[in-house]
Amino acid sequence: MEYSHIIVRYGELTLKSGNRNQFLKKLTKNIRYNLQGLKGFHVQTKHDRMYIHLDNNDDVVEIMNRLKRVPGIHNFSPVLRAPLDIEEAKKAVDNLLKTKLDKEYTFKIQTKRPNKNFTHNTNELNNIFGSHVLVNYKNLKVNVKQPDFIINVEVRSEGIFIFTDFIKGTGGFPVNTSSKALLLLSGGIDSPVAAHMLQVKGVEVEMVHFQSPPFTSADALQKIFDLTIKLSEVVGKIKLHVVNFTKLQTEIVKCVPSNYTMTSTRRFMLRIAEEVAKREGCLALATGESLGQVASQTLESMNCINNVTNMPILRPLLSMDKVDIIKIAKDIETLEISNLPFEDCCTIFTPKAPKTKPRLEKIVAYESRDDYSELIDDTLTSIETYIFDKNGCVIEQDMKEIAEKKEQKEDFSDLL
């Protein structure tokens, strides 16, 4: 079957009013970006929906596969378009039914008529097309309650559109239409899914990853690169900040009682992440934490860890079940990468019996036994920043501002 168009519907985006055009421009740009390399189409954006005109059907399957992953699309339909003529519309219905000749089916006609100037109303159109199908297709019977398929007829000013399928999209808002957040990216399953959930809500996500060489390997870092590249596929580019955490983390392990080292490690990660977020203009931090999943993700642990920052911390997976998180990871193609057996700095230094209900006054007392200011300075100057697109690393740069601060011997003690 040769489809003439794909109709794209916006869903949640329809709630926007005054700034709707801005969102539509961004969505159009994102769709064109995601369809790069494919041919035989052009995009037309309208207020209530988008039309992808198909010059041919050579790449139509791949176009639809890519559209499924674009945030801001509620659903879409491959359609046949006829001019505003009943007989021509019947021919389009015949084309649509070519795949329904193999056995008996039940059907229903469902008509919408946004074009109120068209001669026939919806009831008349239902009767016209229903009668046409019953007369010409003996294997098809009407069932208005539970049909095998619905023949949708939409009469619009651009023509009469005939289709059967509504293909579910990602939903949400176009990527990068909201402000920035800095997400702590580990090598696990959860944090890439959290990044995706924020992207779907329009948040521009930057990543920060903490590595501890030689305890963590080059393969573990490559895993982080691969996750970032995968997450960049629908957004264009993603910035990743890699922190050399070895000196600071080993000092924590030496000075803090073992059952509190995980809590303290997370607190120092947030201190470093907050500084990076401020420099990058991010308005919030984000994590892949899910309530109660591990010792650092109890409410008591979160309370102790959050205490070091006044910046909002977004946790999009907080109340989600692991099964649902894994399903999303599979859908966005990060699960296989996350399951690679290369450990990050958190898993390598995990104590045998981490505290699940740490007390804030205790962790503050433990950390006050040592002066970490110089180690924080060194850690901040160790940060390397990469900008990735779906083809790999396109830019690599050091955080020059932090390096300059170090040379000027400015004080980072306010982080403590």
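Residues numbered from 1 in each chain as written. Predicted model: local features only at pLDDT ≥ 70, side-chain atom pairs only at ≥ 80, totals over all residues. Heavy atoms only, no water.

### Looking at the overall build of the chain
Heads up, the rule is: Helix numbers and strand numbers start at the N terminus; a helix is a DSSP run of H or I with at least 4 residues, a strand a run of E with at least 2. Between buried and exposed lies partly exposed: a residue is buried under 20% and exposed over 50% of the maximum accessible area for its type, with that area taken using a 1.4 Å probe on protein chains only. Contacts are residue-level and defined by heavy atoms, with any inter-residue pair within 4.5 Å sufficient.
Counting its regular elements, the chain contains 15 helices and 16 strands. Principal-axis analysis of the C-alpha atoms gives the chain an extent of 85 × 40 × 40 Å. Taken across its 416 residues, the chain has 52% of its residues classed as buried. Counting only contacts in the chain whose residues sit at least 6 apart along the sequence, the fraction spanning at least 24 positions is 78%.

### Let's talk about the UniProt feature "domain: THUMP" (unreviewed entry) in the chain
Where we set the bar: UniProt positions are given in the numbering used here, feature names are shortened, and annotations may be inferred rather than shown by experiment.
When the UniProt feature table is mapped onto this chain, "domain: THUMP" (unreviewed entry) is found at residues 61-166. Helix makes up 31% of residues 61-166 and strand 30%, with an end-to-end C-alpha separation of 14 Å.

### Focus: the packing of helix H5 (residues 190-200) against helix H10 (residues 322-331)
Let me state the cut-off plainly: Think of each axis as a best-fit line through the C-alpha atoms, taken over the contacting stretch in the case of a helix, with angles from 0 to 180 degrees between the N-to-C directions. Oblique is the label for any angle not covered by the other classes, which are roughly parallel (under 35 degrees), roughly antiparallel (over 145) and roughly perpendicular (65 to 115). Under the scheme applied here, ten amino acids are nonpolar (Ala, Val, Leu, Ile, Met, Phe, Trp, Tyr, Cys and Pro), four are charged (Asp, Glu, Lys and Arg), and all others, including Gly, are polar.
Axis separation between H5 and H10 bottoms out at 9 Å; the angle between their running directions is 70°. Accordingly, the angle class assigned to the pair H5 and H10 is roughly perpendicular. Contacts from Asp 190, Val 193, His 196 and Met 197 of H5 reach H10 at Lys 322, Ile 325, Ile 328 and Ala 329. Taken together, the residues of the contact of H5 with H10 break down into five nonpolar, one polar and two charged.

### Considering empty space enclosed by the protein
Rolling a probe over the atoms, with the probe sized like a water molecule, indicates the empty space that remains. Quick reminder of the rule: Think of a 1 Å grid over the protein atoms and nothing else: a 1.4 Å probe that fits but is trapped marks a cavity, an open set flanked by protein within 12 Å on at least five of seven lines marks a pocket, and residues with an atom within 4 Å of a point count as lining. Grid points are joined across faces, edges and corners, and a volume is the space filled by probe spheres set on the points.
A complete count under the given rule lists four cavities of 30 Å³ or more for this structure. In this model, the second largest cavity occupies a volume close to 60 Å³. The wall of the second largest cavity is formed by 14 residues, among which His 209, Ala 220, Ile 224, Glu 343 and Asp 344 lie closest to the centre. When residues of the lining of the second largest cavity are traced back to their parent elements, those giving at least two are strand S11 (204-211) and helix H6 (218-231). Sorting elements by how many residues they give to the lining of the second largest cavity places H6 first, with four residues. Across the lining of the second largest cavity, the residue classes tally to six nonpolar, five polar and three charged.

### Some remarks on the packing of helix H8 (residues 258-280) against helix H13 (residues 360-367)
Orientation of H8 relative to H13, taken along the N-to-C sense of each, is 75°, at an axis distance of 11 Å. Here H8 is positioned roughly perpendicular relative to H13, judged by the angle of their axes. Only Leu 360, Lys 362, Ile 363, Val 364, Tyr 366 and Glu 367 of H13 make contact with H8, whose side of the interface consists of Tyr 260, Thr 263, Ser 264, Arg 267, Phe 268 and Arg 271. A breakdown of the residues in the contact of H8 with H13 according to their chemical character gives six nonpolar, two polar and four charged.

### Topic: helix H4 (residues 122-136)
Applied cut-off: Under the convention used throughout, the expected extent of a helix is 1.5 Å for every residue step, that is, one less than its residue count. Throughout, the arc means the angular range of directions from the helix axis out to the C-beta atoms. The definition of a polar contact used here is a pair of N or O atoms within 3.5 Å, where within protein one atom must be able to donate a hydrogen and the other to accept one, and adjacent residues in sequence count solely through side-chain atom pairs.
Its 15 residues give H4 an end-to-end C-alpha distance of 21 Å, which sits within 8% of 21 Å, the value for a rise of 1.5 Å per residue. Of the residues making up H4, those classed as buried are Leu 125, Phe 129, Gly 130, His 132 and Val 133. Mapping the buried residues of H4 onto a view down its axis gives an arc of 155°, with all of them on the same face. Exposed residues lying more than 90 degrees from the buried face of H4 are Asn 123, Asn 127 and Val 135. Contact partners of the buried residues in H4: helix H3 (86-96), strand S5 (105-112), strand S6 (140-142) and strand S7 (149-156). Among the residues of H4, the N-terminal cap falls to Asn 121, whose side-chain oxygen and the backbone nitrogen of Asn 123 are separated by 3.2 Å.

### Description of the pattern of salt bridges
Counted only if it meets this: Salt-bridge detection follows one rule: a side-chain nitrogen of Lys or Arg within 4 Å of a carboxyl oxygen of Asp or Glu.
One pass over the structure, following the stated rule, counts 23 salt bridges. Between Lys 91 and Glu 88 there is a salt bridge, and its shortest N-O distance comes to 3.3 Å. In this pair, Lys 91 and Glu 88 both sit in helix H3, three residues apart, roughly one turn of the helix. A salt bridge links Glu 251 to Lys 254; the shortest N-O distance between them is 3.4 Å. Linking Glu 251 with Lys 254, this pair stays in helix H7 (residues 246-255), spanning three residues, or about one helical turn. When its relative accessible area of 18% is taken as the criterion, Glu 251 is described as buried.

### Remarks on the pairing of strand S4 (residues 75-82)
Basically, it comes down to this: DSSP calls a pair of strands paired once it identifies at least 2 bridges connecting them.
Among the eight residues that make up S4, seven are buried, leaving the element largely enclosed by the rest of the structure. By the bridge criterion, five bridges tie strand S1 (residues 5-9) to S4 in an arrangement that is antiparallel. Across the sheet, Ile 6 pairs through a bridge with Pro 78, a residue of S4. Judged from the two bridges that link them, S4 and strand S9 (residues 167-168) form a sheet pairing that is antiparallel. Its bridge partner being in S9, Asn 75 is matched across the sheet by Lys 168.

### Here's the deal with the layout of surface pockets
Taken as a whole, the second largest pocket spans an internal volume of roughly 410 Å³. Around the second largest pocket sit 14 residues that line it, and Lys 68, Thr 170, His 196, Asp 331 and Ile 332 are the ones nearest its centre. Those elements that place two or more of their residues in the lining of the second largest pocket are H5 and H10.

### A closer look at the confidence of the model for the chain
Keep in mind that low pLDDT regions are not for reading the predicted coordinates in detail. Put simply, the test is: Predictor confidence is given residue by residue as pLDDT, running from a minimum of 0 to a maximum of 100.
Averaged over every residue, the pLDDT of the chain is 89; residues scoring 70 or more account for 92%. Scored below 50 in pLDDT, residues 398-403 makes 13 contacts in the model with residues more than four places away or belonging to other chains. Under a pLDDT of 50 for its full length, residues 409-416 has, in the predicted model, 18 contacts with residues more than four places off or in other chains.

### Observations concerning the pairing of strand S12 (residues 238-244)
Where we set the bar: Throughout, right-handed denotes a crossover for which the path from the first strand over the helix to the second runs clockwise when the strands point away from the viewer.
A large share of S12 lies buried, amounting to five of its seven residues. As judged from the five bridges shared by S11 and S12, these two strands associate in the parallel manner. Its bridge partner being in S12, Phe 210 is matched across the sheet by Val 243. Traced from S11 through H6 to S12, the parallel crossover comes out right-handed.

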